[in-house]
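Chain by chain, the residues:
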Amino acid sequence: MANVILRKKISRRIESGHPWIFGNEVNVVEGEWTAGGIADVFTHDKKFIGRGYVNPQSQIVVRLLTRNRDEQVDRDFFLRHIRDAWAYRQQLGYRENCRLIFGEADGLPQLIIDKFNDYFAIQTLALGIDTWKPVIVEVLEELFSPKGIYERNDVPVRELEGLAQQKGFLSAPFDTNIIITENGVRFHVDMANGQKTGYFLDQQDNRRAIQNIVKGADVLGAFCYTGSFEIHAGFYGAQSVLGLDISDKAIDMCNKNALLNGLQDICRFEAVNAFDVLKVWAKEGRKWDVVMLDPPSFTKTRDNIQKAISGYKEINLRGLKLVKPGGFLVTSSCTNLIQPSLFAEIIQMAARDAKRRIRQVVFNSQSADHPIIPGQENTHYLKFMIVQVL
Ligand code: SAH
């Protein structure tokens, strides 16, 4: 096993528990470090910092798995971590569906495991964790006896690690069109071809947050994907729901999901560009009691941050104009680089431009099965806000 000795002045980030070691933080490497292998990391004066997996090809050369020198990285390590992660989710009330492993926040950098009742979707987004994939699958088999495990590694970020994009079965093949129940509502999930791992679990707590404001309401939902918020609105007693998404495939799924819940007369869906129609409808003076917005991430890089801010402001401005006085805007941002305080400011700016007064009702983050580690910004990415529009 190689020893990685850091420069004399180690960054505060590493000291305070961040698991990533960048190439320029390394002084020397003693022994051979092999891509995907395990190394020990030390300060310049040989104090043990932690043990992690290595990729000399990546900008992040080590990702720490443990800070305990006595802890070996082996099958048992993964068994313990995955069992603990499941115990945490159960303690928080998750039974059927949850993000079982949320990478860094569960001490397993770049590993994502979503549990959809008896089925599991896996992403291994760095070489060092990809190496352990067969072991992780074995552990899942042991702990859950799943009906199926599917790999959704069709993610561009893997290429930064020298890994190919790929997807497929990690268990015996199974029908990847499954049905899950969330908050008492049923959804079709396409584990093989749906976005990301097939379904956005990160909003599952937030979908409950609309329960009271949608009762008897006319609801508009833009960027609805498979209609998760919209079908919830129907289920919670909305009078009418209109969901919009640019993807025909998503809209087909929305209609299937409405039918699955007997809500096809309440929930309607249209395949349109939400940016365009919201602008037109605002001009026409159309109004809804509740408008919900959940757009995709507007940027992954700092270079485009200004454009992303304008994008959020613009879409929320349009959304706000469509809300009846006393109604509600339900708005989200999954852009990592937009901090919660900045998002709140953007909504405030949009309200000012829309000439509407607002008051904040709810300001949440992602669901509790995606815990946030202070100092690790990538674990805190979702902003979810409900404001009343006066
Ligand atoms: N609300 C969903 C997740 C939305 S993901 C849920 O809780 O599951 C973002 C969605 O926005 C995607 O389905 C994507 O197809 C859609 N989208 C992207 N650009 C769009 C546009 N200009 N108009 C409408 N929908 C768009």
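If you're wondering where the values come from, they're calculated on a predicted model, not measured in any experiment.

Asks: Break down the domain arrangement of the protein chain for me, citing the residues and quoting the values.
Replies: According to the domain assignment, the protein chain consists of domain 1 (2-66), domain 2 (75-176) and domain 3 (200-389). With 13 residues of domain 2 in contact, the opposing surface of domain 3 contributes 14 residues. At the boundary of domain 2 with domain 3, total buried surface from both sides reaches about 1000 Å², with 62% on carbon and sulfur atoms. Area buried by domain 2 at its contact with domain 3 is led by Tyr-94, Phe-102 and Ala-105, which between them contribute 47% of it.

Asks: Let's hear about the site of the ligand: which residues, and what values?
Replies: In the vicinity of the ligand there are 17 residues, among which Arg-207, Ser-228, Asp-245, Ala-274 and Asp-294 approach most closely. Ser-228 is positioned such that a nitrogen or oxygen atom in its side chain is 2.8 Å from an oxygen atom of the ligand. In the model, a nitrogen atom of the ligand is placed 2.8 Å from a nitrogen or oxygen of the Ala-274 main chain. Those elements that place two or more of their residues in the shell around the ligand are helix 6 (228-235) and helix 8 (274-284).

Asks: Give me the lowdown on the packing of aromatic side chains, citing residues and values where you can.
Replies: Considering all chains together, one arrives at 20 aromatic pairs under this definition. On the numbers, 5.1 Å between centres and 90° between planes, the contact of Tyr-150 with Phe-169 is edge-to-face. Of this pair, Tyr-150 sits in strand 10 (residues 148-153) while Phe-169 sits in strand 11 (residues 166-169), and the two are 19 residues apart along the sequence. By relative accessible area, which is 7% here, Tyr-150 ends up buried. Look at Tyr-150 and Phe-174: their rings are 6.5 Å apart centre to centre, the planes differ by 90°, and that puts the pair in the edge-to-face class. Placement of the pair is Tyr-150 in strand 10 and Phe-174 in the loop between strand 11 and strand 12 (177-182), with a sequence separation of 24 residues. A relative accessible area of 14% places Phe-174 in the buried class. Among the aromatic residues, ring-to-ring pairing joins Phe-223, Phe-275, Phe-298, Tyr-312 and Phe-343 into one connected group.

Asks: Just give me the short version of empty space enclosed by the protein, but keep the residues and values in it.
Replies: Under the criterion given, the structure shown has 1 cavity of 30 Å³ or more. The space that makes up the largest cavity amounts to roughly 60 Å³. For the largest cavity, the full set of lining residues is Ala-222, Phe-223, Cys-224, Phe-229, Glu-230, Met-292, Leu-293, Asp-294, Val-330, Ser-332 and Phe-384. For the lining of the largest cavity, the elements supplying multiple residues, two or more each, are helix 6, strand 17 (288-293) and strand 18 (323-333). Across the lining of the largest cavity, the residue classes tally to 8 nonpolar, 1 polar and 2 charged.

Asks: If you had to explain the sheet that holds strand 4 (residues 38-42) to someone new, which residues and values would you point to?
Replies: Taken in spatial order, the 6 strands line up as 2-6-5-4-1-3 in an open sheet, and their pairing is mixed. For this open sheet the edge positions go to strand 2 (20-22) and strand 3 (26-30), each flanked by a neighbour on one side alone. The average undirected angle you get between the axes of adjacent strands in this sheet is 35°. Sheet topology note: the strand 2/strand 6 (residues 60-66) ladder contains 3 bridges and is antiparallel. Each bridged residue has a counterpart across the sheet, and for Ile-21 the counterpart in strand 6 is Val-62.

Parameters at a glance
The residue numbering used here restarts from 1 in each chain and proceeds along that chain's sequence as written. Confidence filtering applies because this is a predicted model: local features only for residues at pLDDT of at least 70, side-chain atom pairs given and counted only at 80 or more, and all residues used for totals across whole chains, interfaces and linings. Side-chain measures here rest on the full set of heavy atoms in the structure, leaving out hydrogens and waters. A domain assignment, automatic or from a database, supplies the domain bounds used here. When checking whether two residues touch, look at their non-hydrogen atoms; a contact exists if any pair is within 4.5 Å. Once two parts are brought into contact, the accessible area they lose, counted with a 1.4 Å probe and summed over both, makes up the buried area. When we say a residue is near a molecule or strand, we mean one of its heavy atoms is within 4 Å of it. Two N or O atoms count as a polar contact when they lie within 3.5 Å, although within protein this holds only if one can serve as hydrogen donor and the other as acceptor, and sequence-adjacent residues are included solely when both atoms are side-chain atoms. Strands here are runs of E lasting at least two residues and helices are runs of H or I lasting at least four, both read from the DSSP assignment and numbered beginning at the N terminus. Note on aromatic contacts: the rings of Phe and Tyr and the six-membered ring of Trp form a pair at centre separations within 6.5 Å, being stacked when their planes are under 30 degrees apart, edge-to-face when over 60 apart, and tilted otherwise. Accessible area is worked out with a 1.4 Å probe on protein chains only. A residue is then buried under 20% of its type maximum, exposed over 50%, and partly exposed in between. With a 1 Å grid spanning the protein atoms alone, the term cavity applies to any set of points in which a 1.4 Å probe fits but cannot get out, the term pocket to an open set with protein on both sides within 12 Å along at least five of seven lines, and the term lining residue to any residue with an atom within 4 Å of a point. Grid points are joined across faces, edges and corners, and a volume is the space filled by probe spheres set on the points. The residue classification treats Ala, Val, Leu, Ile, Met, Phe, Trp, Tyr, Cys and Pro as nonpolar and Asp, Glu, Lys and Arg as charged. All others, Gly included, are polar. Only strands that DSSP links by at least two bridges are regarded as paired with each other. Structural elements are reduced to axes, namely lines fitted to C-alpha atoms, with helices fitted over the stretch in contact, and the angle between N-to-C directions of any two is expressed from 0 to 180 degrees.

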